[in-house]
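An overview of the molecular structure
The primary structure of each chain is shown beneath.
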Amino acid sequence: MGGQAATCAGDKIIEEMDIQEQAKVVSDPRGMAIEFDGSVCFGSGSTSLKPEIKRILDRVIDDLNHPTDKRSILVEGHSDNVAPGGAVAKKYPTNWHLSTARAGQVTQYLIKQGIKPGRLVPAGYADQWPSEVSWSQVRNGSVTKALIDSLNRSDIQKEKNRRIKIIFATR
């Protein structure tokens, strides 16, 4: 699946499943990416996959697991800026731990569905990459605590930031 074909396939899946509000194909310099809104991924402080994300992942398994495609599949976990508390903090003391665990949960789910483990690369970004921030802003260091806080003011923004992004690497 080439870059343009992958983008079209991603858009087609999103349209067929009528999930335009919960998922979108986004431009990423590393490859074609599908970003899943936090509303379908995880609850606050949780690493348990919601049924909606499982349903979406089940639908894209064949596209992810094309037999001739050897490219890496990057699985990125993200969080809002609320530090884990209570029982959650004992297991995931920081948002780095929590977001990495989220990426790991999606990775494990994909492996159970037949994706070759050697293609999957999970990573956690904590609250350092809010959904409204571009790859360039993250890489050039322009993401500040003030920006992160401004993009986590409402419950809707926080929910949006608790997301998963899957990138089909270009190589």
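Coordinates for the structure precede this section.
Quick look at the overall build of the protein
A tally of helices and strands in the protein yields seven helices and five strands. Taken from N to C terminus, the helices and strands of the protein fall in the order α-β-β-α-β-α-α-β-α-α-α-β. For the protein, the proportion of its 171 residues judged to be buried stands at 46%.

Examining the pairing of strand 2 (residues 31-36)
Summarising burial for strand 2: six of the six residues are buried, a large majority. What sits between the antiparallel neighbours strand 1 (residues 23-26) and strand 2 is a turn of four residues. Where strand 2 meets strand 5 (residues 164-169), six bridges bridge the pair, whose relative direction is antiparallel. Paired with Gly 31 across the strands is Ala 169, a residue of strand 5.

Re the pattern of salt bridges
Scanning the model with the defined rule gives nine salt bridges in all. Linking Arg 30 and Glu 76 is a salt bridge whose minimum nitrogen-to-oxygen distance equals 2.6 Å. Taken together, the residues Arg 30 in the loop between strand 1 and strand 2 and Glu 76 in strand 3 (residues 73-77) connect sequence positions 46 residues apart. For the pair formed by Arg 30 and Glu 76, the shared burial category is buried. Residues Glu 132 and Lys 160 are paired through a salt bridge, measuring 2.7 Å at the closest nitrogen-oxygen approach. Taken as a pair, Glu 132 in the loop between strand 4 (120-124) and helix 5 (135-139) and Lys 160 in helix 7 (residues 155-161) lie far apart in primary sequence, 28 residues in all. In this structure Glu 132 comes out as partly exposed when scored by relative accessible area, which is 49%. You can call Lys 160 partly exposed: its relative accessible area is 28%. Three or more residues joined by partner-sharing salt bridges are found here, namely Asp 28, Arg 30, Glu 76 and Lys 165.

So, the nonpolar core
Of all hydrophobic cores here, the largest spans 25 residues; its most connected members are Phe 36, Val 106 and Leu 110. Only strand 2, helix 2 (51-64), strand 3, helix 4 (95-112) and strand 5 provide two or more residues apiece to this core. Residue contributions to this core peak at six residues, all from helix 2. Apart from residues no more than four positions distant in its own chain, Val 106 is found in contact with Phe 42, Leu 49, Leu 57, Val 75, Ile 164 and Ile 166. Judged by nonpolar contacts, the second largest core, of six residues, contains Tyr 125, Trp 129, Val 133 and Leu 151.

Focus: the side chain of Ser 131
Within the secondary structure, Ser 131 is located in the loop between strand 4 and helix 5. What makes Ser 131 buried here is its relative accessible area of 11%. Contact partners of Ser 131, with chain neighbours within four places excluded, come to Glu 35, Lys 160, Asn 161 and Arg 163.

A few points about helix 4
Compared with the 26 Å implied by 1.5 Å per residue over 18 residues, the 25 Å span of helix 4 between its first and last C-alpha is a close match. Those residues of helix 4 not exposed but buried are Asn 95, Leu 98, Ser 99, Ala 101, Arg 102, Ala 103, Val 106, Thr 107, Tyr 109 and Leu 110. Looking at the buried side of helix 4, the elements it contacts are helix 2, strand 3, strand 4 and strand 5. Measuring from the backbone nitrogen of Trp 96 back to the side-chain oxygen at the start of helix 4 gives 3.2 Å, which picks out Thr 94 as the cap. Gly 114, located one to two residues past helix 4, shows a positive phi value of around 105°.

Cut-offs and rules
Residues numbered from 1 in each chain as written. Predicted model: local features only at pLDDT ≥ 70, side-chain atom pairs only at ≥ 80, totals over all residues. Heavy atoms only, no water. Helix = DSSP H or I, 4+ residues; strand = E, 2+ residues; numbered from the N terminus. Buried < 20%, exposed > 50% of the residue type's maximum accessible area, 1.4 Å probe, protein only. Pairing = 2+ DSSP bridges. Salt bridge = Lys/Arg side-chain N within 4 Å of Asp/Glu carboxyl O. Core = buried A, V, L, I, M, F, W, Y, C linked by side-chain atoms within 4.5 Å. Contact = heavy atoms within 4.5 Å. Expected span 1.5 Å × (residues − 1). Polar contact = N/O pair within 3.5 Å; in protein donor to acceptor, adjacent residues only side chain to side chain.

That's the geometry; what it means functionally is another story.
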